[in-house]
Amino acid sequence: MQENFEINENKKDNEPGQLNMLVSSICHNENGDKYAFITFSDDIRTAEGKIPDCKIIKNQGFAEIEVASLEKYMQENLQELKKMAAKIDIFTAFTS
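Residues numbered from 1 in each chain as written. Predicted model: local features only at pLDDT ≥ 70, side-chain atom pairs only at ≥ 80, totals over all residues. Heavy atoms only, no water.

Trainee: How would you sum up the overall build of the protein chain? Please name residues and give values.
Mentor: Across its full length, the protein chain carries three helices and six strands. Sequence-ordered secondary structure for the protein chain, helices as α and strands as β, is β-β-β-β-β-β-α-α-α. Of all 96 residues assigned to the protein chain, the portion counted as buried reaches 31%. For the protein chain, the share of sequence-separated contacts (at least 6 apart) that also reach a separation of at least 24 residues comes to 32%. For the protein chain, the exposed surface amounts to about 6,700 Å²; the carbon and sulfur share of it is 49%. (Helix = DSSP H or I, 4+ residues; strand = E, 2+ residues; numbered from the N terminus. Buried < 20%, exposed > 50% of the residue type's maximum accessible area, 1.4 Å probe, protein only. Contact = heavy atoms within 4.5 Å. Areas by Shrake-Rupley, 256 points an atom, 1.4 Å probe, with all protein chains shown as cover.)

Laid out in structure tokens, this is it:
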């Protein structure tokens, strides 16, 4: 099945109908397990996923088939998403 969305990692170039993706920094739970959040959004819809589970945990406006496509995207790109999350330094994000 082919996905019918594009991921735009640069919000400045947002065009109508384009899906944006934001990646959080790495978080740790009480057991020390690592995870990160992936947010997909466009002008009217938002969904938040969690990696490495590759599950959408919050959804506002995406159809079930679109949620399945977003989860598939996270699974297929998990290693790259982990690398992106690892590059985010929360302490320098607010000093720019």
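Trainee: Quick one: what's the story with unusual backbone geometry, residue by residue and with numbers?
Mentor: Look at the link from Ile51 to Pro52: it is a cis peptide, with omega at 15 degrees. By secondary structure assignment, the location of Pro52 is in the loop between β5 (46-51) and β6 (55-60). Phi is positive for Cys54, which is not a glycine, with a value near 55 degrees. With respect to the element layout, Cys54 can be found in the loop between β5 and β6. Of the residues examined, Cys54 reaches a relative accessible area of 3% and is grouped as buried.

Trainee: Lay out the packing of aromatic side chains with the relevant residues and their values.
Mentor: Taken as a whole and judged by the stated rule, the model has two aromatic pairs. Taking 5.5 Å as the distance between ring centres and 85 degrees as the angle between the ring planes, the aromatic pair formed by Tyr35 and Phe37 counts as edge-to-face. Residue classification places Tyr35 among the buried positions, given a relative accessible area of 19%. Centre to centre, the rings of Phe40 and Tyr73 are 6.1 Å apart; their planes meet at 85 degrees, and the pair counts as edge-to-face. Within this pair, whereas Phe40 is found in strand β4 (residues 34-41), its partner Tyr73 is found in helix α1 (residues 64-76), the two being separated by 33 residues in sequence. Neither Phe40 nor Tyr73 differs from the other in exposure class; each is buried. (Phe/Tyr/Trp six-rings, centres within 6.5 Å; stacked < 30°, edge-to-face > 60°.)

Trainee: Lay out the pattern of salt bridges in plain terms, naming residues and giving numbers.
Mentor: Scanning all chains against the criterion turns up four salt bridges. Linking Arg45 and Asp42 is a salt bridge whose minimum nitrogen-to-oxygen distance equals 2.6 Å. Taken individually, Arg45 and Asp42 each receive the classification buried, so the pair is uniform in this respect. For Lys72, the salt bridge identified is with Glu76, shortest N-O distance 3.9 Å. Of this pair, Lys72 and Glu76 both sit in helix α1, four residues apart, which is roughly one turn of the helix. Classification of Glu76 as exposed rests on a relative accessible area of 52%. Residues joined in a network through salt bridges with shared partners are Asp42, Arg45 and Glu66. (Salt bridge = Lys/Arg side-chain N within 4 Å of Asp/Glu carboxyl O.)

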